[in-house]
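# Structural overview for review
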Amino acid sequence: MPEFGEAVLDGFQIQHFLEETLADDLILEAIWGDATSKEKGNHPPGSLAAEGHVYPVPSSTIVQRALFPPKYHSLENVPISTHKLKLVETEPSPRNVILKFQDGDGEDYWTQIQLFKHTSVQIYSKEEWQDAVCKVDKDRRGFKIGIAFEFKTHILALPTNDLLIQVHWASFRKDLPTQQANIYTDYPAFLAELVAWMRLRRASRLNRTGLAMTAIRKESSIFYGAGVYTTQEIFHKAGLSPNITEREVFDCPSRTARLVAAWYDLAANIYESLWSFMKPFLRGFKIACHRTDRLRYAERLSVYRKDRTNLSLRFKEQLNAFKVSNTVMQGSAKLCPRKHGAPAVPFDVFEPDHVKRALINENVGLGSLIFGNSLWEVLHDKAGLPMGCLTPQNSLIDYFHDPSFDRSTWLYPNGYSFLFNEAAGRQGMTAWANTLLYRIANTHIWSIIPAYSCNSCPDMPPSNSAVARRPTPSQSSKSKMSVSDQESTSVSMIEGQGRLHLLMRYVTQHSEIMTVGPLDFCGTAEIIQGQGGKKLVMVCKLDPRHTALSLKRQILGAAVAKLKGKGLDHIGIHPKERKRLLSSLEVTDLADHQRKRPRV
């Protein structure tokens, strides 16, 4: 599903459209969508929807996904354009597309589109919409239209792989269903929500021995927009092992603060630089890229689906020490509790540069929790940070005043004589390390930091603690346990060909499987090379604006890319497979395909 970066970028893309478009050209003329299988049967034979084409949603119809705003529902089928709804604002959001309209009387009307799975924003010109998207049915164009808003010169659409979106309409912003605090735009509210969640979890009778990574992904109301790959990037920044448990993180002030700092740093990077990264891929208002460009988003990632990553020498030194300690634990004859100070238990591998945006911001205020008051005072003064960073006040600091929490930082002793590498003149001193790929809790997890040895376990609280031990099987049915407490935390490493075929450079270049990032969505327009080296933009598969030769190149090019991944490109596409590819997409009957246009 779209995660923090992709969803926020949707908002930036719409903002750009608003800024570059005349206000009078932003009046809503129609709402479009593809019919679901259930809705398709409600349309007459031969109609656009019945034939699998995107269709204008009439105001007289209440469809399954509430695409049409209920306020303007009309049994007389009064066009939406009658109400003069003008798009005036959008709000970048980590998991939604949020739009604000104003009608002809100046009254606001909001819509929120929740992005459950593979969905993005594309903004087409009228020509691209009418002559390409509308003329190719949803089963062949490569994506489905969840919802689309037609304006005078452009159509703001949400292409999706499976039509799994939810549309909400409201007269007031506060009445939209999703109101979670955004860590970057409303940091104090985020901290308040996080503290309330941690307090509730700690007061429950759960062991909280499930994966911290899973607990974060499952609690989407707090960690808003943190999905599979975002969470793995955050753990790398925070210096946390991939199989560390929920209690080991959220009962430790330093680990919790590092997690929040990593989350904030990632969010700040997205808000402050992602749009600049994406602008070269704009063609008009839509995003388009060549197959090789699909890999570019990996430049912004540290570990997810990457073969290796660049580390500071400090990080590499700590990583080596972690591996030695982990190996000692693995060779122990006894089960090793991960208790601070216990023999062979490794310290966390943490590089402050990975969360620099959080540490230098006096409104974030996490340094004292991360390093402890004494060390933070020294590091703060050496780095010349604002005084507000030294003694901040926030709800997370207040929460961890409770002396029952783990006061150790889990950071390497004597590992931090300076805060940032650049200030210490060590910015050019780096090393490379290969990523590790694990299968944990039915999820592929990429990490530089190894998983804790299977011969280790979380240090359990005392038996009379407010947190109970894991129930026996006979007790578990009576206990209220979260998913994270029930999951398996067994760890298996994936190496060799299994790992290779999951790398982003392999998946993006040798398959049609979508990975992550705004360049790798099903609705992203594809740039291919036409005759004479001319670059052609295909807004969808079988884009009928282009020649049969160009469409064949698009289809067969994808097949050749798959063969390259298997090392079989020298053999070429088998004639039977070539025939199947072209016939299944009806390219061989392109002339008829270009003429066909069902009636409304």
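Details of the structure are given in the entry above.
Fair warning: this is a prediction, and the values are worked out from it, not measured in the lab. (Residues numbered from 1 in each chain as written. Predicted model: local features only at pLDDT ≥ 70, side-chain atom pairs only at ≥ 80, totals over all residues. Heavy atoms only, no water.)

Right, let's talk about the packing of aromatic side chains for a bit. Evaluation of the coordinates by the stated rule reveals 32 aromatic pairs. Plain terms: the ring middles of Tyr184 and Tyr264 are 5.8 Å apart, the flat faces sit at 35° to each other, and that makes the pair tilted. On the criterion of sequence distance, the pair formed by Tyr184 in the loop between strand E9 (165–170) and helix H4 (187–203) and Tyr264 in helix H8 (residues 253–278) is long-range, its members being 80 residues apart. The class for Tyr184 is partly exposed, based on a relative accessible area of 24%. Assessed through its relative accessible area of 7%, Tyr264 is described here as buried. Among the aromatic residues, those joined into a ring-pair cluster are Phe4, Phe12, Tyr184, Tyr187, Trp263, Tyr264 and Tyr271. Directly above the ring of Phe350 sits Arg258, whose terminal nitrogen or CZ lies 5.5 Å from the centroid. (Phe/Tyr/Trp six-rings, centres within 6.5 Å; stacked < 30°, edge-to-face > 60°. Helix = DSSP H or I, 4+ residues; strand = E, 2+ residues; numbered from the N terminus. Buried < 20%, exposed > 50% of the residue type's maximum accessible area, 1.4 Å probe, protein only. Lys NZ or Arg CZ within 6 Å of the ring centre and 35° of its normal.)

Now for the environment of Val537. Tracing the chain through its elements places Val537 in strand E20 (residues 535–538). Val537 sits twelve residues away from Ala525 along the chain, and the two C-alpha atoms are 6.6 Å apart. Beyond its immediate chain neighbours, meaning those up to four positions away, Val537 contacts Arg283, Lys286, Ala288, Ala525, Glu526, Ile527, Asp543, Arg545 and His546. (Contact = heavy atoms within 4.5 Å.)

What the rule picks out here adds up to 28 salt bridges. Residue Lys174 is joined to Asp175 by a salt bridge in which the shortest nitrogen-to-oxygen separation is 3.4 Å. Using a relative accessible area of 61% as the deciding quantity, one classes Lys174 as exposed. Asp175 sits in the partly exposed class, given a relative accessible area of 44%. (Salt bridge = Lys/Arg side-chain N within 4 Å of Asp/Glu carboxyl O.)

Turning our attention to empty space enclosed by the protein. Counting across every chain of the model gives two cavities of 30 Å³ or more. If you add up the space inside the largest cavity, you get close to 60 Å³. Forming the boundary of the largest cavity are Met213, Gln232, Phe235, His236, Leu240, Pro242, Val303, Ile445, Trp446, Ser447, Ile448 and Ile449. Counting residues per element, the ones that place at least two in the lining of the largest cavity are helix H6 (228–238) and strand E16 (443–447). By residue class, the composition of the lining of the largest cavity is nine nonpolar, three polar and no charged. Put simply, the second largest cavity is a space of about 40 Å³. Around the second largest cavity sit Glu6, Leu9, Asp10, Gln13, Ser120, Val121, Ile287, Pro518 and Phe521, which together line it. With four residues, helix H1 (residues 4–20) is the single largest residue contributor to the lining of the second largest cavity. Residues of the lining of the second largest cavity, tallied by class, amount to five nonpolar, two polar and two charged. (1 Å grid on protein atoms, 1.4 Å probe; cavity = no way out; pocket = protein on both sides within 12 Å on 5 of 7 lines; lining within 4 Å. Points joined across faces, edges and corners; volume = space filled by probe spheres on them. Nonpolar A, V, L, I, M, F, W, Y, C, P; charged D, E, K, R; others polar.)

Moving on to helix H12 (residues 373–383). Inspection of H12 places Trp376, Leu379 and His380 among the buried residues, and these make up the whole buried set. The arc that holds every buried residue of H12, seen down its axis, measures 105°, which confines them to one face. Along H12, the residues that are exposed and aim more than 90 degrees away from the buried face are Ser374 and Lys382. Residues of H12 that are buried make contact with helix H10 (356–359) and helix H11 (367–371). Looking one or two residues past H12, Gly384 carries a phi angle of roughly 65°, positive in sign. (Arc of directions from axis to C-beta.)

Locating Ala170 in the fold gives a position in strand E9. Overall, Ala170 belongs to the buried group, its relative accessible area being 7%. For the pair Ala170 and Lys71, spaced 99 residues apart in the sequence, the C-alpha separation amounts to 8.7 Å.

Take the sheet that holds strand E19 (residues 525–529) next. Taken together, four strands build an open sheet; the order of strands is E10-E11-E19-E20 and the sheet is mixed. The sheet is open, and its two edges are formed by strand E10 (282–283) and E20, each paired on a single side. Direction of pairing for E10 relative to strand E11 (residues 286–289): antiparallel, over a ladder of two bridges. Directly across from Leu282, in E11, lies its bridge partner Ile287. (Pairing = 2+ DSSP bridges.)

Here we come to the nonpolar core. With 104 residues, the main nonpolar core has Leu194, Phe223, Phe371 and Leu396 as its most contacted residues. Sort the elements by how many residues they give to this core and H8 lands first, with 16 residues. Leaving out residues up to four positions away in the same chain, Leu194 has contacts with Ile222, Phe223, Phe250, Val260 and Leu396. (Core = buried A, V, L, I, M, F, W, Y, C linked by side-chain atoms within 4.5 Å.)

At a minimum axis separation of 13 Å, H4 and H8 run at an interaxial angle of 140°. The chirality of how H4 crosses H8 is right-handed. Side by side, H4 and H8 meet where Tyr187, Phe190, Leu191, Leu194 and Met198 of the first sit next to Thr256, Val260, Trp263 and Tyr264 of the second. (Axes fitted to C-alpha atoms, helices over the stretch in contact; angles between N-to-C directions. Left-handed = near helix turned anticlockwise from the far one by under 90°.)

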